[in-house]
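Chain and residue survey
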Amino acid sequence: MTPAILVRQWARPAVVGLAALWCQLPASAAVGWNVDASLATERGQHAGALLDDGSVAVFAGVYRFGFLTNGERYTAGAWSSIGSPGIAGNATEAVTLGTGQVLVRSDGSAEARLYDPVANAWLAGGTQSATRFLPSMTLLASGKVLVAGGSNLNSAELYDPETRTWTATGSMSEVHRAHSAVLLRDGRVLVASGFGPGGEVFTAELYDPVLGTWSLAAPPLVPRHYASLTLLPDGRALLAGGFTAGGVTTHAEIYDPVANTWTATGALNFPRNGVMGSPMGQAPLLASGQVLIAGGADGARNPQPVAELYNPLTGTWSPAGSMGVGRENGTAQLLPSGDVLFTGGFTSTPSTTFYPLVDRYTPAVPPGPAPVLDPLSLLQRAGTALTLAGTGFAGGSGSSTPQLQLQRVENGALSSWAPASYTATSFTSPPLGALPAGLYIARLVVDGVPSAGQLIRFTDPAGTPGGTPGNGQVTVTWTPPVDTGGNPPDSYTVTSNAGPGCTVAAPATSCTVTGLANGTPYTFTVQAQHPNGPGPVSAASAAITPTAAPGPGPRPVPGLSPLGVALTAFLAAALAGWRRRGMPRLRR
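Residues numbered from 1 in each chain as written. Predicted model: local features only at pLDDT ≥ 70, side-chain atom pairs only at ≥ 80, totals over all residues. Heavy atoms only, no water.

1. Some points on the overall build of the protein chain
A count of helical and extended segments in the protein chain gives 3 helices and 52 strands. For the protein chain, the accessible area works out to roughly 23200 Å², and carbon and sulfur atoms hold 58% of it. (Helix = DSSP H or I, 4+ residues; strand = E, 2+ residues; numbered from the N terminus. Areas by Shrake-Rupley, 256 points an atom, 1.4 Å probe, with all protein chains shown as cover.)

2. Some remarks on the sheet that holds strand β29 (residues 306-311)
Taking strand neighbours across the sheet as the criterion, the 3 strands line up as β28-β29-β30 in an open arrangement whose pairing is antiparallel. Every other strand in the sheet has two partners, leaving β28 (291-293) and β30 (316-322) as the edge strands with one partner each. Shown here is a sheet whose adjacent strand axes are inclined to one another by a mean of 25°, direction ignored. (Pairing = 2+ DSSP bridges. Axes fitted to C-alpha atoms, helices over the stretch in contact; angles between N-to-C directions.)

3. Here we look at the environment of Leu444
With respect to the element layout, Leu444 can be found in strand β43 (residues 440-446). Exposure remark for Leu444: the relative accessible area of 0% places this residue in the buried category. Spatially, the C-alpha atoms of Leu444 and Leu404 are 4.8 Å apart, while their sequence positions differ by 40 residues. (Buried < 20%, exposed > 50% of the residue type's maximum accessible area, 1.4 Å probe, protein only.)

4. Examining empty space enclosed by the protein
In this structure, the largest cavity encloses a volume near 780 Å³. Of all the secondary structure elements, the ones that give two or more residues to the lining of the largest cavity are β2 (47-50), β8 (92-96), β12 (136-139), β16 (180-183), β22 (228-231), β31 (331-334) and β39 (403-408). Residues that form the lining of the largest cavity fall into these classes: 21 nonpolar, 19 polar and 4 charged. (1 Å grid on protein atoms, 1.4 Å probe; cavity = no way out; pocket = protein on both sides within 12 Å on 5 of 7 lines; lining within 4 Å. Points joined across faces, edges and corners; volume = space filled by probe spheres on them. Nonpolar A, V, L, I, M, F, W, Y, C, P; charged D, E, K, R; others polar.)

5. Some remarks on the layout of surface pockets
What the second largest pocket holds in volume is close to 240 Å³. Along its surface, the second largest pocket is lined by 19 residues, and Ala382, Leu435, Ala437, Phe458 and Asp483 are the ones closest to its centre.

6. Some thoughts on the sheet that holds strand β32 (residues 340-343)
Sheet strands pair by backbone hydrogen bonding; their relative direction is either parallel or antiparallel. Taken together, the 4 strands give an open sheet; going across it, the order is β1-β35-β32-β31, and neighbouring strands pair in antiparallel fashion. Only two strands of the sheet have a single neighbouring strand rather than two, namely β1 (32-35) and β31. Put simply, the sheet's adjacent strands are angled 20° from each other on average, direction ignored. Relative to strand β35 (residues 358-362), β32 is paired through 4 bridges, and the arrangement is antiparallel. Counted as the bridge partner of Val340 is Tyr361 from β35.

7. Things to note about the pairing of β29
Counting buried positions along β29 yields 6 of 6 residues, so the element is predominantly enclosed. The alternating pattern of β29 places Val306, Glu308 and Tyr310 and Ala307, Leu309 and Asn311 on opposite faces, both of which are buried. Two strands pair when backbone bridges link them, and β28 and β29 are joined in this way by 3 bridges, in the antiparallel orientation. Counted as the bridge partner of Leu292 is Leu309 from β29.

8. Points about the pairing of strand β9 (residues 102-106)
Of all 5 residues that make up β9, 5 are buried, and the element is covered over most of its length. The side-chain alternation of β9 yields two buried faces, one formed by Val102, Val104 and Ser106 and the other by Leu103 and Arg105. Where β8 and β9 come together, 5 bridges link them in antiparallel fashion. The residue of β9 that forms the bridge with Thr96 is Val102. Hairpin connection between β8 and β9: a loop of 5 residues separates the two successive antiparallel strands, and Gly100 in this loop has a positive phi of roughly 90°. Where β9 lies against strand β10 (residues 111-116), 3 bridges are found, and the strand directions are antiparallel. Along β10, the bridge assignment pairs Leu103 with Leu114.

9. Description of the packing of aromatic side chains
A full pass over the atoms with the stated rule returns 15 aromatic pairs. Considering the side-chain rings of Tyr207 and Trp214, the 5.0 Å spacing of their centres and the 50° angle between planes classify their relative orientation as tilted. Owing to a relative accessible area of 0%, Tyr207 belongs among the buried residues under this scheme. Between Tyr310 and Trp317 the ring centres are 4.9 Å apart and the planes differ by 50°, which places this aromatic pair in the tilted class. Residue Tyr310 is classed as buried on the basis of its relative accessible area, which comes to 1%. Of the residues examined, Trp317 reaches a relative accessible area of 8% and is grouped as buried. (Phe/Tyr/Trp six-rings, centres within 6.5 Å; stacked < 30°, edge-to-face > 60°.)

10. Quick look at the state of the cysteines
Here, the word disulfide means a covalent bond between the sulfur atoms of two cysteines. Applying the stated criterion across every chain yields a total of 1 disulfide. Between the sulfur of Cys502 and that of Cys511 lies a disulfide, 2.0 Å long from S to S. Its torsion about the S-S bond being 65°, the disulfide of Cys502 and Cys511 is classed as right-handed. Taking the relative accessible area as the measure of exposure, Cys502 reaches 12% and is therefore buried. (Disulfide = S-S within 2.5 Å.)

11. Quick look at the pattern of salt bridges
All chains considered together, the criterion is met by 16 salt bridges. Put simply, Asp234 and Arg236 hold a salt bridge, and the shortest N to O gap is 2.8 Å. Arg236 sits in the partly exposed class, given a relative accessible area of 22%. Through salt bridges with shared partners, one network takes in Asp36, Asp339 and Arg360. (Salt bridge = Lys/Arg side-chain N within 4 Å of Asp/Glu carboxyl O.)

Quick look at the structure:
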């Protein structure tokens, strides 16, 4: 029995401009499938993750000889080894944390591991409370990770990236495994259907991270497992395909979290389960707002090479070209360029075959020049306006209005903003407000044509510093960032307006700047240094002026009390007065 068969035995922000983009796509636009550099090792049921620098990593999985324990990283068109996480299992899940490190877990192992892409090294990721087969793994708005269900468990637990520890949270009403899960726009997590001891699970459940509890949602119209669940731009969620009690299905339905209802939508053109995106993966949402489903297999385990696009405006699916080789249970990563990278996978008919193949899908876009963005710092100030620089922001006519598009990588949430101000080379958004923790692709869309994206995260800066002056120095103090999205600082750098500064390792929140001129006022800023780069700079302090220490004053006579000192001074003054008047004469 091959390892792959084991899986079967577990048998709303504004969305301005998306409609315009859909309407401008030419009906005959060619969809581009291209062969990319192959993996070094064939694999399926592995995990994939987009990293902060735009590279892609894949982890573990299975192949023809059993479980894989290694990983690979795709950078500049080539794959390289990233060593072994030290864990292996039938299926692997991974989530990129706020630190830029990747949390990796595998079926059959309670130990989790962290991949550090900066050091290209593996770290301990803590121990889960239970060994789970085919749970879901979801990055929450806080930056914590929810692992739910799996095996014959209804329990769930949270991973905290700041402490690298696991803690139990509320349990679901029943067992879910091989289910679908996605973070909704309101911060809740939707778990849909799955498989349990009695077969297909008829329920859907909602996790509230504030309360740490689950509640029942409306049940899906068609219970299923190994299905795709994708968050649409309007905040609804598309559940498509999967394995049902009657076999592999073409059925698709949409969950509305506001109305708490499921509604049937257009059916897939081909039955498929285990689509590319790994066993519990999400079909990627493109910059156009359309959903791309590729790969998977039918009830006879025949692989499906023809991909499909779902248009939420029409509720229909259309063919999207064909992969070079149809296969199931590989990964699908949306890239900053807007392309989608599909890696690995396997086929079961006529025999089980694992592939190292990598395909790249390039979506069609409307004709016209694409805007070009200048590079952005990875860590941006949370809650404020985002400013972009580049070229082509007013389109070919010079009079078009650009729109900012932010897409959260982990759940695909796609939002757009009209400009607060712009020119042909600059764009400033309105204040973005609070956004869920995560890695985002920032794009500018002009006349329906998206730019290549820039990867960013949002974090608070350190608090406005204060200081205590000294002789040629100031001791600067501050408060830590209020919300880092699960990305705590490693250290802090203090800079004065005149140049001198100091650095201190976290969690310390003070350091002394020396080499300053007495009598000269200085202001100071603080910048947190995070594992994945420097954070935004704090507001400047009020002016602080170093002052020389006062010189030595009169010294008291040793051995005399303060009263004795005062009496001595009084007698000395009286004696001086007598001498000025002359000594009295005695009568004779």
